[in-house]
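Here is what each chain is made of, one letter per residue.
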Amino acid sequence: MKFLSLNTHSWMEESQREKISALARFIHEHDVDIIALQEVSQDRSAAVISSPLNFDSRSTSLPVRADNYALLLIENLQALGAHYSWVFAEAHIGWDRYDEGVAILTKHPVEQVQALELSPEYSYEQVQRRRAIAALVDSPEGPVWIASTHMSWWNRDNLPLFAEEYTNLHRALTECAASAPAPVLLAGDFNSPAHIRSEGYDMVLSSGMYDTRELALAAAESNPQVVIEGEHTVHHEIAGWEGHSGGHRIDFIFASQALEMLSHRVVLGDNTPQALSDHSALLIACQLPRV
């Protein structure tokens, strides 16, 4: 199974529609099964679409608008002959004009979908509000829970935002897996660098999740056919990381089980001519365990 994750930085990018088309071509060319997206935005003043293409509305009550990033990506994929369905969950209002949230696109049937509340004390108008989305996908290799999330920093404005959010997220994903047993793949922008100890990255690992890059590195020791390309996912100063110009690994794909990894690649690098966002994307290939 091939799985892609990207923080899209949507509608903050120049040539946004051209970049959406380029992402669709990449997904189609690489025959990606499932895509997890973060910072999926739509302008709150854009026209409402009454019947969005291939949309599963179970995780949101918001209307889908004409410039929804995921909708445009779906339409571009459809034009290439690639049929994907999608789910979306809004998190908060961004930049005073956008509905911003997370999405999952999949070639395979979605059996269940849930929006997961990570910070229920905040209102939709507050940027601190975070939500994830989880979908139970019936892949050819068996069922798998896919989750897309965009976490807060470990500590911002003297608030331990990440720890509360991840506690709620892990509890919700545990409940999902208990209700419908299947491995969990958790992807997204975690705003917590892998090299900083005793913060977000270590908290995720201590909850029993596996870093798929580390799994791939371990597999490559005995199997030279396992492909590992790149490490850092952000190479420039970006919002929230002012003053940090060196490379950071803050985007991850975690797994609830030690998967058989075939590849782990940083693609569409934010520091390359192929950049589509201020983040690089992650593309993995793995073999799911049978439940």
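Residues numbered from 1 in each chain as written. Predicted model: local features only at pLDDT ≥ 70, side-chain atom pairs only at ≥ 80, totals over all residues. Heavy atoms only, no water.

Before going further, it helps to spend a moment on the overall build of the protein. Helix and strand content of the protein: five helices and 14 strands. Relative to its length of 291 residues, the protein is compact, with a C-alpha radius of gyration of 18 Å against a globular reference of 19 Å. Dimensions along the principal axes, computed over C-alpha positions, put the protein at roughly 55 × 50 × 45 Å. Looking at the protein as a whole, 56% of its 291 residues qualify as buried. Residue pairs at least 24 apart in sequence account for 70% of intrachain contacts in the protein once pairs closer than 6 positions are excluded. (Helix = DSSP H or I, 4+ residues; strand = E, 2+ residues; numbered from the N terminus. Rg over C-alpha atoms; globule rule 2.2 N^0.38 Å. Buried < 20%, exposed > 50% of the residue type's maximum accessible area, 1.4 Å probe, protein only. Contact = heavy atoms within 4.5 Å.)

Over the atoms rolls a probe the size of a water molecule, and in doing so it shows where empty space is left. Following the criterion strictly, the structure yields one cavity of 30 Å³ or more and no others. By volume, the largest cavity amounts to about 50 Å³. Glu39, Ala91, His92, Glu100, Gly101, Val102, Arg130, Arg131 and His150 together form the lining of the largest cavity. With three residues, strand β5 (residues 98-106) is the largest single contributor of residues to the lining of the largest cavity. Here the residues of the lining of the largest cavity are counted per class, giving two nonpolar, three polar and four charged. (1 Å grid on protein atoms, 1.4 Å probe; cavity = no way out; pocket = protein on both sides within 12 Å on 5 of 7 lines; lining within 4 Å. Points joined across faces, edges and corners; volume = space filled by probe spheres on them. Nonpolar A, V, L, I, M, F, W, Y, C, P; charged D, E, K, R; others polar.)

Further remarks concern the pairing of strand β2 (residues 34-43). Burial within β2 is extensive, with ten of its ten residues counted as buried. Bridging between strand β1 (residues 2-7) and β2 involves five bridges; their strand directions are parallel. Each bridged residue has a counterpart across the sheet, and for Leu4 the counterpart in β2 is Ile35. Taken together, the eight bridges between β2 and β5 define a ladder with antiparallel strand orientation. Across the sheet, residue Val40 finds its bridge partner in β5, namely Gly101. (Pairing = 2+ DSSP bridges.)

Attention now goes to helix α3 (residues 161-179). Its 19 residues place the ends of α3 27 Å apart at the C-alpha level, agreeing with the 27 Å of an ideal helix rising 1.5 Å per residue. Listed in full, the buried residues belonging to α3 are Leu161, Phe162, Glu165, Tyr166, Asn168, Leu169, Ala172, Leu173 and Cys176. Down the axis of α3, the sector holding all buried residues measures 165°, keeping them to one side. Of the exposed residues in α3, those oriented more than 90 degrees away from the buried face are Glu175 and Ala178. Buried residues belonging to α3 abut β6 (110-117), β7 (131-139), β8 (142-150), β9 (184-189) and α4 (200-206). (Expected span 1.5 Å × (residues − 1). Arc of directions from axis to C-beta.)

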